[in-house]
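Survey of secondary and tertiary structure
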Amino acid sequence: MDPFDELLRGVRADGDDLGRTELSPPWERRFDGGAPLTLCAPLRGEGWLSGAAAEDGEPRLVRAGDVVVVRGPGPFVLSDRPAPGTEPADRTVLLTGTFHARGVVARRLLGVLPPALVVPGDEECLSLLRTLEAQIAPTCQPGQQVVRDRLLDWLLVCTLRAWFDLPEAVTPGPPGWIRALGDEVTGPALRAMHAAPDRSWTLAALAREAGVSRTTLADRFTRLVGEPPLTYLTDWRMALAADLLTESTAVTVASVARRVGYADAFGFSAAFKRFHGASPSEYRRTPRTGADRADAEHSPA
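This prediction gives the protein a mean pLDDT of 80; 80% of its residues lie at or above 70. Here helix 13 (residues 288–298) is the element of the protein with the lowest mean pLDDT, 41, and helix 7 (residues 203–210) is the one with the highest, 96.

Right, dumping it as structure tokens:
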């Protein structure tokens, strides 16, 4: 699976918070609910993004068709405060939605994203926004909530995919592995680890995937990603293992161990406890509200 696909796997819309609001000057919408991700998109009109999410403290203009994604928990504000010499739009129609980030892997996405990102609207996003607006109508069609959630998920994926293609996504740069995915040496090694975390990877095997020597891979990987290849592999395996343990109580510790590249449950349990501070069984029993915060702080981006 592609690394980006895996990061997005546990990010899901909270359909109860999908809304469409018509605003007339003067207006201000404050968002401080602490959602992991909040999406805002003016369907008509425009607004100014300010607060904890604003770049360098300066308000940022968001036009109709643009999509804003803000990383929680810091509060942020959208308002009609115009730039000097301009007039606010007569009427602004704003679409908003929030997202949960379930699991350690999904929360790694939060470490990649800036406090706020703005993606200019394109035809794909505009079409999707119009479809979402139509689905917000208060009707009782079968499956309407599911349709809304999946459309909102689709909009988030389209927005993040477009942002990662923008120059500002890599300059000055998020955590190094995003830049490293496009590198001709480090990229193949990263994708190989993500595609088969259960494989008994060695530095030599990863170097063969990249078509370079072990020394070349180790030096380049460490420089771009910020840690050696096998350290990254352990971090990734432990994030996957944490999610596998909590997704289903029917999955045994031995099964999880095999799926993340450990030959026996004992060795896996020892490695898991060193990384997460609890054995696999203890971690599985821990209420997620507390464990999630610990993992978010410990899990590398």
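Counting 38 residues, the largest nonpolar core has L190, L217, F268 and F272 as the members making the most contacts within it. Within the residue set of this core, elements represented by two or more residues are helix 2 (104–112), helix 5 (176–181), helix 6 (186–195), helix 7, helix 8 (214–225), helix 9 (229–247), helix 10 (253–259) and helix 11 (265–276). For this core, the leading source of residues is helix 9, giving 10 residues. Core analysis: the second largest hydrophobic core is formed by 35 residues, V11, F99, L109 and L155 among them.

Bringing unusual backbone geometry into the picture now. Of note, the bond from P25 into P26 is cis; its omega dihedral lies within 30 degrees of zero at -5°. Within the secondary structure, P26 sits in the loop between strand 1 (11–23) and strand 2 (28–31).

Among the structural elements, H276 can be located in helix 11. Judged by its relative accessible area of 15%, H276 is buried. At 3.1 Å, the side chain of H276 forms a polar contact with the backbone oxygen of M238.

Taking every second residue as pointing to the same face, both faces of strand 9 (residues 116–119) are buried, with A116 and V118 on one and L117 and V119 on the other. Across 4 bridges, the pairing between strand 6 (residues 67–71) and strand 9 is antiparallel. Of the residues in strand 9, the one forming a bridge with V68 is V118.

Overall, the coordinates contain 7 salt bridges when judged by the stated rule. Ionic pairing is found between E22 and R20, a salt bridge with its closest N-O pair at 3.1 Å. Residue classification places E22 among the partly exposed positions, given a relative accessible area of 47%. One salt bridge connects R20 with E133, and the closest N-O pair in it is separated by 2.8 Å.

Another point: the environment of W27. The topology assignment puts W27 in the loop between strand 1 and strand 2. It is 5.8 Å that separates the C-alpha atoms of W27 and D80, two residues lying 53 residues apart in sequence. Contacts of W27, omitting those with residues within four sequence positions, involve E46, G47, L78, S79, D80 and T92.

Criteria and thresholds
- Residues numbered from 1 in each chain as written.
- Predicted model: local features only at pLDDT ≥ 70, side-chain atom pairs only at ≥ 80, totals over all residues.
- Heavy atoms only, no water.
- pLDDT = per-residue confidence, 0-100.
- Helix = DSSP H or I, 4+ residues; strand = E, 2+ residues; numbered from the N terminus.
- Core = buried A, V, L, I, M, F, W, Y, C linked by side-chain atoms within 4.5 Å.
- Buried < 20%, exposed > 50% of the residue type's maximum accessible area, 1.4 Å probe, protein only.
- Polar contact = N/O pair within 3.5 Å; in protein donor to acceptor, adjacent residues only side chain to side chain.
- Pairing = 2+ DSSP bridges.
- Salt bridge = Lys/Arg side-chain N within 4 Å of Asp/Glu carboxyl O.
- Contact = heavy atoms within 4.5 Å.

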